Amino acid sequence: MEDWKQRTRLLLGDEKTERITRSHVLVVGLGGVGAYAAEMLCRAGVGHLTLVDADTVQPTNLNRQLPALHSTIGQPKAEVLADRFKDINPEIELTVLPVYLKDEQIPELLDTHHFDFVVDAIDTLAPKCHLIAETLKRHIKIISSMGAGAKSDITQIRFADIWDTYHCGLSKAVRKRLQKMGIRHKLPVVFSTEQADPHAVLLTEDERNKKSTCGTVSYMPAVFGCYLAEYVIRRL
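Residues numbered from 1 in each chain as written. Predicted model: local features only at pLDDT ≥ 70, side-chain atom pairs only at ≥ 80, totals over all residues. Heavy atoms only, no water.

Novice: How do you make sense of the overall build of the protein chain when you look at a structure like this?
Specialist: Broken down by element type, the protein chain carries 8 helices and 9 strands. At 17 Å, the protein chain has a C-alpha radius of gyration in line with the 18 Å of a compact globule built from 236 residues. Considering only C-alpha atoms, the protein chain reaches an extent of 50 × 40 × 35 Å along its principal axes. Of all 236 residues assigned to the protein chain, the portion counted as buried reaches 47%. Taking the intrachain contacts of the protein chain between residues at least 6 apart in sequence as the baseline, contacts between residues at least 24 apart amount to 70%. Of the roughly 12200 Å² of accessible surface on the protein chain, 51% is carried by carbon and sulfur atoms. Where the 30 positive side-chain charges of the protein chain centre and where its 30 negative ones centre are 6 Å apart. (Helix = DSSP H or I, 4+ residues; strand = E, 2+ residues; numbered from the N terminus. Rg over C-alpha atoms; globule rule 2.2 N^0.38 Å. Buried < 20%, exposed > 50% of the residue type's maximum accessible area, 1.4 Å probe, protein only. Contact = heavy atoms within 4.5 Å. Areas by Shrake-Rupley, 256 points an atom, 1.4 Å probe, with all protein chains shown as cover. Lys, Arg positive; Asp, Glu negative; His and termini not counted. Charge placed at Lys NZ, Arg CZ, Asp CG, Glu CD.)

Structural data, given as structure tokens:
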């Protein structure tokens with residue numbers, strides 16, 4: 001059978017492709033952004049992925065989320081993606097954790113393996129900031145996603161240090177929380193310079209640890225996820 005990594009090797013060369021194959025990446029959050037990041041890492045040939053997300057596929061995910069199909073509604077996103085990734089690369093090693101990551105569990109998670117990179121695609125503030133803090137403390141490389149909701153212009157997506165971001169409510173909240181935790185380290189993030197559409201934000205009380213739900217369009221979270229994957233792959 002033809003080597004499925006042939007095109008990747010042609011672009012990156014044998015040494016870099018093998019380095020990617022030997023890598024272990026932790027992806028936390030498998031929604032609109034994180035699932036695409038994880039799949040791009042899988043297709044690039046990352047040899048071991050640890051996938052963390054407690055959510056199940058919901059009908060409202062169908063407009064943007066990779067694991068969301070009518071046939072997968074109600075199924076755990078992490079397990080849906082694990083089956084998909086094994087179908088892409090049968091040799092990939094997967095650690096699948098369909099759990100809601102609580103603050104006190106994060107140190108234990110980060111100490112279970114030697115991670116070459118952490119991808120933070122969490123959309124709730126407390127676990128997001130604790131993951132960032134514990135990852136930085138261990139000097140593990142990390143890339144973090146900021147808010148893709150209520151935005152639609154992909155040309156305004158950027159890489160930046162968290163402390164240089166603007167027009168992003170999640171970035172602002174993360175900065176404030178990190179400062180309260182005594183953290184002022186450089187943190188690479190993906191964010192959008194576009195002003196969020198205030199009419200696309202709905203206050204909610206029925207989602208865990210969320211005060212609002214933002215309108216989304218199919219391509220925006222996917223591009224955020226591709227940015228995350230590009231950052232990881234180029235640095236592995």
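So, next bit.
Novice: Quick question: what am I supposed to make of the nonpolar core here?
Specialist: Generally speaking, a soluble globular protein has its nonpolar side chains buried in company with each other. Ranked by size, the top nonpolar core spans 35 residues in total, and within it Val25, Val27, Leu41, Leu49 and Val119 carry the most contacts. The set of elements that each furnish at least two residues to this core consists of strand 1 (24-28), helix 3 (34-44), strand 2 (48-52), helix 4 (77-88), strand 4 (117-120) and helix 8 (219-235). Among the elements that take part in this core, helix 8 stands out by supplying 7 residues, more than any other. Beyond its immediate stretch of four places on either side in the chain, valine 27 contacts Gly34, Ala38, Leu41, Leu49, Thr50, Leu51, Val52 and Val119. Counting 28 residues, the second-largest nonpolar core is a separate cluster that includes Leu26, Val52, Ile132 and Leu136. (Core = buried A, V, L, I, M, F, W, Y, C linked by side-chain atoms within 4.5 Å.)

Novice: Got a minute to help me understand helix 8 in this structure?
Specialist: An α-helix turns once per 3.6 residues; consequently, residues spaced three or four apart project the same way. With 17 residues, helix 8 should reach 24 Å at 1.5 Å per residue; the first-to-last C-alpha distance of 25 Å fits that figure. Turning to helix 8, its buried residues number three or more, namely Met220, Pro221, Ala222, Phe224, Gly225, Leu228, Ala229, Tyr231, Val232 and Ile233. (Expected span 1.5 Å × (residues − 1).)

Novice: Is there a simple way to explain the packing of aromatic side chains in this structure?
Specialist: For any two aromatic rings, the description comes down to two numbers: the centre-to-centre distance and the angle of the planes. Following the criterion strictly, the structure yields 4 aromatic pairs and no others. Here tyrosine 166 and phenylalanine 191 contribute two aromatic rings whose centre-to-centre distance is 5.7 Å and whose plane-to-plane angle is 70 degrees, an arrangement assigned as edge-to-face. One end of the pair, tyrosine 166, is in the loop between strand 6 (157-161) and helix 7 (169-180); the other, phenylalanine 191, is in strand 7 (residues 188-192), and 25 residues separate them in sequence. Of the residues examined, phenylalanine 191 reaches a relative accessible area of 2% and is grouped as buried. Three or more aromatic residues joined by ring pairs form one cluster here, namely Phe117, Phe159, Tyr227 and Tyr231. The ring of tyrosine 231 is capped by arginine 235, whose NZ or CZ atom sits 3.6 Å from the centre of that ring. (Phe/Tyr/Trp six-rings, centres within 6.5 Å; stacked < 30°, edge-to-face > 60°. Lys NZ or Arg CZ within 6 Å of the ring centre and 35° of its normal.)

Novice: Which parts of the structure should I look at to understand the packing of helix 3 against helix 4?
Specialist: Think of two packed helices as two axes; the pair is described by the angle between the axes and how far apart they sit. The geometry of helix 3 relative to helix 4 is characterised by a closest axis approach of 10 Å and an angle of 20 degrees between their N-to-C directions. On the basis of the axis angle, helix 3 is roughly parallel to helix 4. When the axes of helix 3 and helix 4 are compared, the crossing they make is right-handed. Together, Ala35, Ala38, Glu39, Cys42 and Arg43 of helix 3 and Leu81, Arg84, Phe85 and Ile88 of helix 4 make up the contact between the two elements. Looking at side-chain class alone, the contact of helix 3 with helix 4 contains 6 nonpolar, no polar and 3 charged residues. (Axes fitted to C-alpha atoms, helices over the stretch in contact; angles between N-to-C directions. Parallel < 35°, antiparallel > 145°, perpendicular 65-115°, else oblique. Left-handed = near helix turned anticlockwise from the far one by under 90°. Nonpolar A, V, L, I, M, F, W, Y, C, P; charged D, E, K, R; others polar.)

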